[in-house]
Every structure is written in C-alpha cells, then in structure tokens.
Amino acid sequence: MFALANKAAIVTGASSGIGRATAKLFAEEGAKLVIAARRQAELDQLAAEIEDAGGTAVALAGDVRDEAYAKALVDLAVGRFGGLDIAFNNVGSVGQTGPVSELSLEGWRETLDTNLTSAFLGAKCQVPAMVERGGGSLIFTCTFIGHTVGMPGMTSYAASKAGLIGLTQVLAAEYGAKGVRVNALLPGGTDTPSSITNAPDAGPEVLAFVKGLHALKRIARPQEIARSVLYLASDASSFTTGTALFADGGVSINRT
Ligand code: NAP
C-alpha cells in the first residue's frame, strides 16, 4: 500500500533535512528519483547513498525560484523515467524575521518567492506531466505557523505557507477529475539545520521551550515527517486530496 515501485518522483530541498530523509525513504520504497536543491555536492552525496543502497536517483542542482529549473526537473523525470507520478515540493525558508515595521520589501519578496512562487512554478510544470500519466500526487510542505499558530516575528513565513494551503485546495479541485491528488503537509518542530533549535545562538533553553510547545514534548526527527510524506505520496492515501495534514506532535492543539 505504501510501496512506490515504478513511480517517478521529484523531491525538492533534498540536500538537507526533511527533503533528504524523504528522498531516502521514497527510494527504499522503490521510487525512481529526481532530487533537487542548490548545493550540487550534497545532492551528489545523496544520489550516491541511494544508488549504493540499490535505489535510483538523479541529481539536478538549481534554484526553485527559476521557472526553467522547474521545467528541467520535470523534463528529467520524463526523459529518464518515462513520466512523473509524485512531486514533493518541499523547499522552504523562514526568511527575514522581526516586527513587521522592520521588515524590508526585499525580504518579504524573497520569502514569498522561495516558499510560495516556487511551489506555483513547480506545480505549473508538474501537473501536465501527471495528467499525461493518468494521475499523480503533489505534496507541499507547509507549517502550523500561519495556520493554527500566530507566531510573532514570522510574518512573511506564515503568509507564504498559508498561501500554499490555498494553492493546495485550488489545485486539488482543478485536477481531481484527472486523477491528480494535491495535499499540504504541516510538520511540527523538526530537527533539521534550519530549525530555530539549531540556530547558532540557540541555547538549550530554546530547545526546551520548543519541545514544550508540543503535546508530545519533543520535536520530530526528519525521518518521522518523511513517513507522513510517504503516506500522501502513496496509494495509502488514494482518497485524500485538498487536505492540510498535521504531522506536528500536537503543537497546534497543545496549551500546556
Ligand atoms: P533544511 O534542512 O534547511 O532544508 C531546506 C532545503 O531547501 C535544503 O535542501 C535547501 O538546499 C533547499 N533550498 C532552500 N532554498 C532553495 C532554493 N531557492 N532553491 C532550491 N533549493 C532550496 O530545512 P527543513 O527543516 O528540512 O525544511 C524543509 C521544509 O519543511 C521547509 O519548507 C520548511 O519551511 C518546512 N518546515 C520545517 C520545520 C522545522 O522545524 N524544521 C517545521 C515546519 C515546516 P540548498 O541550500 O542546497 O539549496
């Protein structure tokens, strides 16, 4: 049910964190992968690990804000693997933080471009290939911030991620009849390089604070989030579309 044998998948943000863990899990389940991010060396390392474990992965480095790159990723999947079944549009960045009066227009646009416009560009190129294939699954990485929690200082991050949920709903309605499912995944705090708990100036009190926000009183390992992505990518979620699925350790409902 969770197997991805003979499926071709694009994973963006694969050089690190949630994307890297998901690429490895997808490969273990039999998917053929196009892995994407800006850092070539990290992608090459991941591709080598996947191939060494008997999987299939091809790396293409680039910037997801670039429409030509979005198209090149799809062309690579179609050229190498004969089509596209799954796209995990996962790239995201917290971007500039602080009180709204101190944020720059440049910083706002940078975050919107990285988190939201990139997803639009990805979907624009990916959906036709999935329709051609008779269906597929798109997944966008969102967050509880801007959906269930208003966290001070995170204006552009929250707005961009909330926008992704709107994008998810419209695409799900637009392409459901063609067999394309579209879902948003909302992780809680996850132990990745860009987590605030791993910021250079974050002491143990930051980690303790963030853990305490979650009902489970801990943050996730990237591999745990990857399993929820696998659910949305696979036939296990065959009647699930247009959702905003929490994998957030209860941070959205916790008040203790
Ligand atoms: P991460 O380890 O820092 O990974 C971010 C990935 O995005 C990297 O592979 C990075 O690769 C890539 N990337 C960033 N900007 C890019 C660009 N312009 N073009 C191409 N690739 C780009 O962070 P993560 O925590 O796994 O984040 C993954 C997603 O989860 C994000 O959307 C984030 O908002 C979301 N999220 C994270 C948490 C958390 O607590 N960690 C919680 C909720 C949601 P390069 O630097 O090589 O380009």
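Structure report, in brief. None of these values were measured; they are calculated from a predicted model.

Notes on the overall build of the chain
What the chain contains, in helices and strands, is seven helices and seven strands. For the chain, the succession of helices and strands along the chain, N to C, is β-α-β-α-β-α-β-α-β-α-β-α-α-β. For 256 residues, the compact-globule formula gives about 18 Å, and the C-alpha radius of gyration of the chain, at 17 Å, lands near that figure. C-alpha atoms of the chain, sized along the principal axes, occupy 50 × 35 × 35 Å. Taking all 256 residues of the chain together, 50% fall into the buried category. Sequence-distant contacts, at least 24 apart, represent 72% of the contacts inside the chain between residues at least 6 apart. Summed over all atoms, the accessible surface of the chain reaches about 11600 Å², with 56% contributed by carbon and sulfur. Side chains of the chain give 21 positive and 24 negative charges; the mean places of these two sets differ by 5 Å.

Examining the site of the ligand
In the vicinity of the ligand, 28 residues are found, and the nearest of them are Ser16, Arg38, Tyr157, Lys161 and Thr192. Here an oxygen atom of the ligand and a side-chain polar atom of Lys161 are 2.7 Å apart. Calculation on the ligand without its partners gives an accessible area of 890 Å², and the protein chains cover 92% of this total. Taken together, the elements giving at least two residues each to the shell around the ligand come down to α1 (17-28) and α5 (155-175). The residue inventory of the shell around the ligand, partitioned by class, reads nine nonpolar, 14 polar and five charged.

Some thoughts on the nonpolar core
Ranked by internal contacts, the top residues of the largest apolar core, which has 35 residues, are Val34, Leu84, Leu138, Phe140, Cys142 and Val182. Where this core is concerned, the elements lending two or more residues are β1 (8-12), β2 (32-37), α3 (67-81), α4 (105-133), β5 (136-141), α5 and β6 (180-187). Every residue in contact with Leu84, bar those within four places of it in the chain, is listed here: Ala8, Ala9, Ile10, Val74, Ala77, Gln126, Ala129, Met130, Arg133 and Gly135. Grouped together as the second largest cluster of nonpolar side chains are 32 residues, Leu25, Ala27, Leu185 and Ile225 included.

Focus on the environment of Glu42
The residue Glu42 is located in helix α2 (residues 40-52) in this model. The exposure class assigned to Glu42 is partly exposed, which follows from its relative accessible area of 31%. Taking the C-alpha atoms as reference, Glu42 lies 9.6 Å from Ala61; in sequence the two are 19 residues apart.

What to know about the sheet that holds strand β7 (residues 244-247)
On the basis of which strands lie adjacent, the open sheet formed by seven strands has the order β3-β2-β1-β4-β5-β6-β7 and parallel pairing. Either end of the sheet is taken by a strand with one partner, and the two such strands are β3 (56-61) and β7. If you compare each strand with its neighbour and ignore which way they point, the axes differ by 20° on average. One ladder, built from four bridges, connects β6 with β7; its direction is parallel.

Some thoughts on the side chain of Asn90
Within the secondary structure, Asn90 sits in the loop between β4 (86-89) and α4. Under the relative-accessibility criterion, Asn90 is labelled buried at 9%. Not counting chain neighbours up to four residues away, the residues in contact with Asn90 comprise Thr12, Gly13, Ile18, Gly19 and Thr141.

Considerations on unusual backbone geometry
Positive phi is not limited to glycine here, since Asn6 has a value of about 65°. Looking at where Asn6 falls in the secondary structure, it is placed in the segment before β1. Note on Asn6: relative accessible area 64%, which makes it exposed. Here Lys217, not a glycine, exhibits a phi torsion of approximately 60°, which is positive. Position of Lys217 relative to the elements: it lies in the loop between α6 (204-213) and α7 (222-233). Judged by its relative accessible area of 40%, Lys217 falls in the partly exposed class.

What counts and how
Residues numbered from 1 in each chain as written. Predicted model: local features only at pLDDT ≥ 70, side-chain atom pairs only at ≥ 80, totals over all residues. Heavy atoms only, no water. Helix = DSSP H or I, 4+ residues; strand = E, 2+ residues; numbered from the N terminus. Rg over C-alpha atoms; globule rule 2.2 N^0.38 Å. Buried < 20%, exposed > 50% of the residue type's maximum accessible area, 1.4 Å probe, protein only. Contact = heavy atoms within 4.5 Å. Areas by Shrake-Rupley, 256 points an atom, 1.4 Å probe, with all protein chains shown as cover. Lys, Arg positive; Asp, Glu negative; His and termini not counted. Charge placed at Lys NZ, Arg CZ, Asp CG, Glu CD. Near = heavy atom within 4 Å. Polar contact = N/O pair within 3.5 Å; in protein donor to acceptor, adjacent residues only side chain to side chain. Nonpolar A, V, L, I, M, F, W, Y, C, P; charged D, E, K, R; others polar. Core = buried A, V, L, I, M, F, W, Y, C linked by side-chain atoms within 4.5 Å. Pairing = 2+ DSSP bridges. Axes fitted to C-alpha atoms, helices over the stretch in contact; angles between N-to-C directions.

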